[in-house]
Amino acid sequence: PPSGFDFKKPEQWPGWFRRFERFMNAADLNDQSEQKKVDTLLYVMGEKAEDLLTSFHLSAQDAGKYKKVSEAFQSHFDVTQNVIYERTIFNRRNGPVRPYLL
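As a starting point, this report considers the structure included with it. (Residues numbered from 1 in each chain as written. Predicted model: local features only at pLDDT ≥ 70, side-chain atom pairs only at ≥ 80, totals over all residues. Heavy atoms only, no water.)

**A closer look at the overall build of the chain**
Step number 1: Looking only at helices and strands, one finds five helices and zero strands in the chain.
Step number 2: Starting at the N terminus, the α and β elements of the chain follow one another as α-α-α-α-α.
Step number 3: For the chain, buried positions account for 28% of its 102 residues.
Step number 4: When the accessible surface of the chain is split by element, carbon and sulfur atoms take 51% of a total near 7,400 Å². (Helix = DSSP H or I, 4+ residues; strand = E, 2+ residues; numbered from the N terminus. Buried < 20%, exposed > 50% of the residue type's maximum accessible area, 1.4 Å probe, protein only. Areas by Shrake-Rupley, 256 points an atom, 1.4 Å probe, with all protein chains shown as cover.)

As structure tokens, this is what we get:
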């Protein structure tokens, strides 16, 4: 399996999850029960995964479904860029400000 997920670097989630999906396929775990797939995901992610899953407030039924759990993690680790913040950082760089870039 891939090494545990580094919760301090959420931007690495997409790559880590792709490796995990590849591991699930290689280990023939895709044909296992939904609960076993969820347990495997949480185990491989590491200790903090259980607490994080609890914070999603999924129903008991949804917490046992791999697709629902993986989507919850995906939406949690989705790193969206704040356009206004990124533009401010860009405009603070050294050099002349070009109005056409604003």
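On we go from here.
**Description of helix H2 (residues 34-45)**
Step number 1: The terminal C-alpha atoms of H2 lie 17 Å apart, and with twelve residues this matches the ideal 16 Å at 1.5 Å per residue to within 8%.
Step number 2: The inward-facing, buried residues of H2 contact helix H1 (13-26), helix H3 (48-55) and helix H4 (66-77).
Step number 3: Of the residues one or two after H2, Gly 46 is the one with positive phi, at around 125 degrees. (Expected span 1.5 Å × (residues − 1). Contact = heavy atoms within 4.5 Å.)

**Describing the environment of Glu 47**
Step number 1: With respect to the helices and strands, the residue Glu 47 is situated in the loop between H2 and H3.
Step number 2: What makes Glu 47 exposed here is its relative accessible area of 77%.

**Here's the deal with the nonpolar core**
Step number 1: Residues Trp 13, Trp 16, Phe 20, Leu 41, Met 45, Phe 73 and Phe 77 are the most contacted members of the largest nonpolar core, which totals 23 residues.
Step number 2: Listed by contribution, the elements that provide at least two residues to this core are H1, H2, H3 and H4.
Step number 3: Per-element tally for this core: the top contributor is H1, with six residues.
Step number 4: Those residues within four positions of Phe 20 in sequence are excluded, and the remaining contacts are Pro 2, Thr 40, Leu 41, Val 44 and Tyr 66. (Core = buried A, V, L, I, M, F, W, Y, C linked by side-chain atoms within 4.5 Å.)

**Considering H3**
Structural remark: α-helix, 3.6 residues per turn; residues separated by three or four positions point the same way.
Step number 1: When we look at burial in H3, the residues that qualify are Ala 49, Leu 52 and Leu 53. Buried residues in H3, looked at end-on, bunch into an arc of 100 degrees, giving them a common side. The exposed set on the far side of H3, more than 90 degrees from its buried face, consists of Asp 51 and Thr 54.
Step number 2: Where H3 is buried, its residues touch H2 and H4.
Step number 3: Where H3 ends, the next residue or the one after it, His 57, has phi of about 55 degrees, a positive value. (Arc of directions from axis to C-beta.)

**Considering the packing of aromatic side chains**
Step number 1: One pass over the structure, following the stated rule, counts 14 aromatic pairs.
Step number 2: Between Phe 5 and Trp 13 the ring centres are 5.4 Å apart and the planes differ by 90 degrees, which places this aromatic pair in the edge-to-face class. Taken individually, Phe 5 and Trp 13 each receive the classification buried, so the pair is uniform in this respect.
Step number 3: Joined through ring pairs, the aromatic side chains of Phe 5, Phe 7, Trp 13, Trp 16, Phe 17, Phe 20, Phe 23, Phe 56, Phe 73 and Phe 77 make up one cluster. (Phe/Tyr/Trp six-rings, centres within 6.5 Å; stacked < 30°, edge-to-face > 60°.)

**Describing the pattern of salt bridges**
Pairing is possible between side chains of opposite charge, provided their charged atoms come close.
Step number 1: Within the structure shown, the criterion is met by two salt bridges.
Step number 2: Measuring nitrogen to oxygen at the nearest pair gives 3.2 Å for the salt bridge that ties Lys 37 to Glu 34. On the criterion of helical spacing, the pair formed by Lys 37 and Glu 34 is a turn pair, its members being three residues apart in helix H2.
Step number 3: Classification of Lys 37 as buried rests on a relative accessible area of 10%.
Step number 4: The exposure class of Glu 34 is partly exposed, given its relative accessible area of 35%. (Salt bridge = Lys/Arg side-chain N within 4 Å of Asp/Glu carboxyl O.)

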